[in-house]
Amino acid sequence: MATAPKAVRYRAVRTFKRAHKSPLIFLERLPLEILMKMLSYLDVSALYTLSHVNKLFYQLANDNVLWEKIHKAEHRRKRNLKCDCTYELLQMMSRMELEDPPENFWKLLHLNSLIKYDMKKLKSNLGILNRHTGLPSRTKQVLRNLRVTWELTVSDKSGHKSTFEPSWCRFCETSVSLSWSGGGQLSDYKKISTLHLHGVRRIALNLPGLKTPGRRSLMLKLDMQAVAESMQIIGRDKLVELKLLQPGIIIGVWRRFVSLQDQSSVAFVMFTLHFHRLVERSTNENPLWYSSLEDPILKPISDDVDPEHGLHGYQLHVALNDTTCDIMSENFSQLFCRRADISDGLIRLSAISRSNPSQHSPLSGSVSLPWSCESLQGNVQNCCVLSVTLLDFCKGKFWCVGSAVSVQLQETPVCYDYDGEHFLILHQDSEGRVEIQLVTEQTRFVVVSLAVCVAVGKVNKHFGTSY
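Residue positions are given per chain, counting from 1 as you read along its sequence in written order. Local features in this predicted model are restricted to residues whose pLDDT is 70 or higher, and side-chain atom pairs enter the listing and the counts only when it is 80 or higher, whereas totals over whole chains, interfaces and linings include all residues. Heavy atoms from the whole structure form the basis of all side-chain values; hydrogens and water molecules are not counted.

A closer look at the overall build of the protein
In step 1: Strands here are runs of E lasting at least two residues and helices are runs of H or I lasting at least four, both read from the DSSP assignment and numbered beginning at the N terminus. On a plain count of helices and strands, the protein comes out with eleven helices and 21 strands.
In step 2: Relative accessible area decides the class of each residue, using a 1.4 Å probe on protein chains only: under 20% of the type maximum gives buried, over 50% gives exposed, and in between gives partly exposed. Split into buried and exposed, the 467 residues of the protein put 48% on the buried side.
In step 3: Sequence-distant contacts, at least 24 apart, represent 59% of the contacts inside the protein between residues at least 6 apart.
In step 4: All accessibility values rest on the Shrake-Rupley procedure with a 1.4 Å probe; residue burial counts only the protein chains present in the view. With the model as given, the accessible surface of the protein reaches about 25,300 Å², and the carbon-plus-sulfur share is 52%. The contact definition used throughout considers only heavy atoms, calling two residues in contact when any of these lie within 4.5 Å.

Examining the sheet that holds strand E3 (residues 168-171)
In step 1: A pair of strands counts as paired when DSSP detects no fewer than two bridges linking them. Here we have six strands laid out as an open sheet, ordered E3-E4-E10-E9-E8-E7, and antiparallel in their pairing. For this open sheet the edge positions go to E3 and strand E7 (232-236), each flanked by a neighbour on one side alone. Between one strand axis and the next, the sheet turns through 20° on average, direction left out of account.
In step 2: Here E7 pairs with strand E8 (residues 240-246) via four bridges, running antiparallel. Considered in E8, the bridge of glycine 235 is made with leucine 242. Axes, fitted as lines to C-alpha atoms, cover a helix only where it is in contact. Angles between the N-to-C directions of the axes lie from 0 to 180 degrees.

Some thoughts on the packing of aromatic side chains
In step 1: When the centres of two rings from Phe, Tyr and Trp lie within 6.5 Å, Trp using its six-membered ring, the rings pair. Their planes under 30 degrees apart give stacked, over 60 give edge-to-face, and anything left gives tilted. Taken as a whole, this structure holds nine aromatic pairs when the rule is applied.
In step 2: Taking the centre distance of 5.3 Å and the plane angle of 90° together, the rings of phenylalanine 423 and phenylalanine 445 count as edge-to-face. Of this pair, phenylalanine 423 sits in strand E19 (residues 422-429) while phenylalanine 445 sits in strand E21 (residues 444-455); the two residues are 22 residues apart in sequence, bridging distant segments of the chain. There is no split in this pair, since phenylalanine 423 and phenylalanine 445 are both buried.
In step 3: Taken together, Tyr314, Phe393, Phe398 and Phe463 form an aromatic cluster joined through their ring pairs.

Description of helix H5 (residues 64-77)
In step 1: Expected helix span is computed as 1.5 Å times (number of residues minus one). Under the 1.5 Å per step criterion, the end-to-end length of H5 is 20 Å for 14 residues, consistent within 8% with the ideal 20 Å.
In step 2: Where H5 is concerned, the buried positions are Asn64, Leu66, Trp67, Ile70, His71 and Glu74. Down the axis of H5, the buried side of the element spans an arc of 155°, and every buried residue falls inside it. Looking at H5, the residues exposed on the side facing more than 90 degrees away from the buried face are Lys69 and Arg76.
In step 3: Between N or O atoms, a polar contact is any pair within 3.5 Å; within protein, one atom must be a potential hydrogen donor and the other a potential acceptor, and residues adjacent in sequence are included only when both atoms are from side chains. Taking the backbone nitrogen of valine 65 as reference, a side-chain oxygen 3.0 Å away marks aspartate 63 as the first, capping residue of H5. Regarding the arc, it is the one traced by the directions from the helix axis to the C-beta atoms.

Considerations on the pairing of strand E5 (residues 192-202)
In step 1: Of all eleven residues in E5, eleven are buried, a share of seventy percent or more.
In step 2: As judged from the nine bridges shared by strand E1 (residues 148-156) and E5, these two strands associate in the antiparallel manner. When the sheet's bridge partners are listed, serine 155 is paired in E5 with threonine 194.
In step 3: Sheet analysis places E5 next to strand E6 (residues 214-223), joined by nine bridges and oriented antiparallel. Bridge pairing in E6 links leucine 197 to leucine 220.

Looking at the sheet that holds strand E2 (residues 161-164)
In step 1: As summarised here, the arrangement of the four strands in space is E2-E1-E5-E6, forming an open sheet in which the pairing is antiparallel. Looking at the sheet topology across the chains shown, the edges are occupied by E2 and E6. Across this sheet, the average inter-strand angle for adjacent strands is 25°, counted without regard to direction.
In step 2: Bridge count between E1 and E2: four bridges; the pairing is antiparallel. Bridged to threonine 153 within E2 is threonine 163.

Considerations on helix H2 (residues 32-39)
In step 1: Among all positions in H2, only Leu35, Met36 and Leu39 are buried. One side of H2 holds all its buried residues, which, seen down the axis, span an arc of 95°. For H2, the exposed residues set more than 90 degrees away from the buried face come down to Glu33 and Lys37.

Structural notes on the side chain of serine 45
In step 1: Position of serine 45 relative to the elements: it lies in helix H3 (residues 44-50).
In step 2: Setting aside residues no more than four positions away along its own chain, serine 45 makes contact with Leu205, Asn206 and Leu207.

A word on the nonpolar core
In step 1: Judged by nonpolar contacts, the single largest core of 38 residues is most densely connected at Leu316, Leu390, Ile436 and Leu450.
In step 2: Among all residues touching isoleucine 436, those that are not within four sequence positions of it are Val318, Leu386, Phe423, Leu424, Ile425, Val447, Ser449 and Leu450.
In step 3: By nonpolar core we mean a set of buried residues, namely Ala, Val, Leu, Ile, Met, Phe, Trp, Tyr and Cys, connected to one another through side-chain atoms within 4.5 Å. Listed in part, the 37 residues of the second largest apolar core include Ile192, Met224, Val253 and Val279.

Okay, structure coming up:
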């Protein structure tokens, strides 16, 4: 009789454990018809959450019949909810000789429709242009309202891939700076094979604890082996060394005495994205796959009357910032180059002349590039972010640049106006070159020369000329 109570208590405990698991087991034992009827009362957020429970509920929550009813009901509620890809997808199904739509067809169709619906509402804001830069003045607000973020996918030589979300994102006047720190997963840049940058647009769903679904648009693919030889060191502080992979992309590498490994251990990767077509590049309209979005092919602007066609009427906006605030923001109009001044395959547009002191302009702050990585942070002196927007005489975007640059010490030329040291900021790519000359005066930098040199081939292609 002494053991009976123990047996009763043991069975009671087991019964309690079974009762704890019984709701899910009970649901799984229900007929599929009843389960589908229950799921038909759920909204999109609940269905997406339910699809993460187990394999059975993933299949049920992605049922085409269920999502077709949701899509058509939402279409009746929002008359403007349309998806231009419907016809293309149905044509694709007919070519594949499919009687029933493929798996997730109506779910993807509905989610893409929601994305396009929001895009149409907010796209009108991009038509409001800044009169100084010629860029949409509400790019930052549109990107945030569309819930756009960016992801970096790192592939190593062994084929392993890791995807990271930005550690921080900072907007300036005409560009945005993004930084990723791998938390120890970005160990050696020499082992990295490719970098993929994706714009990711999330859908507004109430999903606590879950990442909302979204569409990924490939913005850039960088082959690390191709840029290894041209990699430049643009600055360093006590902890990291900044290497410029290509314009707009730098990596911070731990210095030898900081890292327990060799000097190729990566602390962070930083991208600078110019605002030019940034919304379009980050939210590619392609519904079910993603590809890089190239600039549209423009018809050359020809003029048979003007003998200096393509050499005048330019408008330039130049900004220098430290990823948090602008230290220089200047606008220049009516820039020109005489035909006789074309040299070395470049058309030089001078905005600030060294010989005209009235044009010289001091910078509003110190030139530096702050960074942060996990629990560490620093500030690399004599580095900053350069953003250049060059417009043609029709106010169209002709050349846009966004990249980290360095301030290099020059040999001091003879100068009667300034006694300080002379420095140079130089950016160069296949389409042109930007030259900014500075001098130090009372512990601050003063811009004494600013010129943009554009490749003759780019001008000829844009204007249909033959310089």
